[in-house]
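One letter stands for each residue in the lines below.
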Amino acid sequence: MKGFSLLEVIIVSAIGLVVGTFLISILVNSNGFFFKQGAVINEGVNINDTMDNLTSMIRQASAVATGYPEATPSFVTSSHVLVLKLASEGPTEIIPDTYDYVVFSTDPTNPNILRMQIFPDPQSSRKSTNQVLTTLLDNVQYKFYDKNGNQVTPVSASVVEVSLTVLAQTGQVSSQRTSKVSVTLRNM
Amino acid sequence: MVFTAQNKHQKYLEQGVSVIELVLVTVIIAALALLVANLPSSVSSINRSRHSSIAKDIATRELEYLRKLSYDSLSNGTNNFTDPDLTSLPKSTASYTVNDCQEPACINGEKAKIVTVSVAWNESGDDKTVDLSTIVSQGGLAQ
């Protein structure tokens, strides 16, 4: 009966150490990849989805409103808040001189949440909505232009330029994406 | 026969490797190979998702631009366009095609054009495209 020599033990533990380090580094990395993958996919879906909602509402809008409600606004259109006026929908056609309001604003309690709220006129068949568009908001900015591309006040705008930045944070690593699009309002 | 130290060693070598040892080694190697093989697929799936999202973004932007143009300023055919984000897509090309709108989409001789924006890129050997379409009609919106 003979045990292992010191040399054998040292070699075996050295191999064990190398293989162990290799295995753990693979585990840690692939775990990181998993989260990064989730975050990047989430970010892409978020930015596309939010832009879809924004562009489709701007396209339907008759005008940009100064705020909602118009008399004593609790939401005022600015470079970070957008209030749109959409013609109210009746059972078969639009109702003249009656408007629904769509508000895009950041959540007052969490600056990373972008919300879309629809306030329909009582006669309108459009549904009242309060929807979170993204929870990864970093920055959103609106610029207002007329037909000829001159920057104007929101109420006289016929083109709204939206610039949206989302930020996905995975531990120490963050990934950012910005999307910018100019959308023309209805009948402008 | 005399068992010398050398003979004992000889006998030990002739026993070969046991099944358990073989199975253990195979399992360890397989586990390592599996872990390593999974890494590139993670990376490429992140990129694939990112690229299609960027392509959709480029197509949306161009479509919104084309929507602003009048019916009369759109002539049939295919044109290339550029976008700063195209550099983020490998081997990318971007074009839009204008065609007369045919039935059943447009009836009663309605004058309208179908505009299709197409962004194509190469995803490690695979050709990918994102297509978005809109209809621009004479005397329609924004005209």
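Residues numbered from 1 in each chain as written. Chains lettered and ligands numbered in written order. Predicted model: local features only at pLDDT ≥ 70, side-chain atom pairs only at ≥ 80, totals over all residues.

**Student:** So what's going on with unusual backbone geometry? Which residues, and what values?
**Tutor:** Here the amide bond leading from A:Tyr68 into A:Pro69 is cis, since omega sits at -15°, within 30 degrees of zero. When you line up the elements, A:Pro69 lands in the loop between β2 (67-68) and β3 (75-76). For B:Lys91, which is not glycine, the phi torsion reads 45° and is therefore positive. In this structure, B:Lys91 sits in the loop between β1 (77-80) and β2 (93-100). With a phi angle near 35°, B:Ser124 is a residue other than glycine that sits in the positive phi range. (Helix = DSSP H or I, 4+ residues; strand = E, 2+ residues; numbered from the N terminus.)

**Student:** Lay out the interface of chain A and chain B in plain terms, naming residues and giving numbers.
**Tutor:** Contact with chain A, which involves 21 residues of that partner, is made by 21 residues of chain B. Breaking the side of chain A that touches chain B down by element, the ones donating at least two residues are α1 (6-60) and β10 (173-184) of chain A. With 13 residues, the top contributor of residues to the side of chain A that touches chain B is α1(A). (Contact = placed C-beta atoms within 7 Å.)

**Student:** Kindly report on the sheet that holds β10(A), identifying the contributing residues and their values.
**Tutor:** Residues and elements named next belong to chain A. Here we have 3 strands laid out as an open sheet, ordered β8-β9-β10, and antiparallel in their pairing. With partners counted over all chains shown, the strands left at the sheet margins are β8 (137-145) and β10, one partner each. Between one strand axis and the next, the sheet turns by 10° as a mean value, whatever way the strands run. With 12 bridges connecting them, strand β9 (residues 159-170) and β10 associate as antiparallel partners. Paired with Ser163 across the two strands is Lys180, which belongs to β10. Sitting on the sheet, α1 touches β9 and β10, and the angle it makes with β9 is about 165°. (Pairing = 2+ DSSP bridges. Axes fitted to C-alpha atoms, helices over the stretch in contact; angles between N-to-C directions.)

**Student:** Run through the sheet that holds strand β4 (residues 82-89) of chain A, naming residues and quoting values.
**Tutor:** All names here are of chain A. Pairing is antiparallel in the open sheet, where 5 strands are placed in the order β1-β4-β5-β6-β7. One side of each edge strand has no neighbouring strand; the edge strands of this open sheet are β1 (61-64) and β7 (129-134). Here the strands of the sheet are splayed against their neighbours by 25° on average, with no regard to which way each runs. Where β1 lies against β4, 3 bridges are found, and the strand directions are antiparallel. Across the sheet, the residue bridging to Val64 is Leu84, located in β4. The sheet strands contacting α1 are β1, β4, β5 (94-106), β6 (114-119) and β7, and the helix crosses β7 at an angle near 135°.

**Student:** How would you sum up the environment of A:Val9? Please name residues and give values.
**Tutor:** Residues and elements named next belong to chain A. One can find Val9 in helix α1. On the basis of neighbour count, Val9 is assigned to the exposed category, with 11 C-beta atoms found within 10 Å. On a C-alpha basis, the gap between Val9 and Ser62 in space is 81 Å, while along the polypeptide they are 53 residues apart. (Buried ≥ 20, exposed ≤ 12 C-beta atoms within 10 Å, placed from the backbone.)

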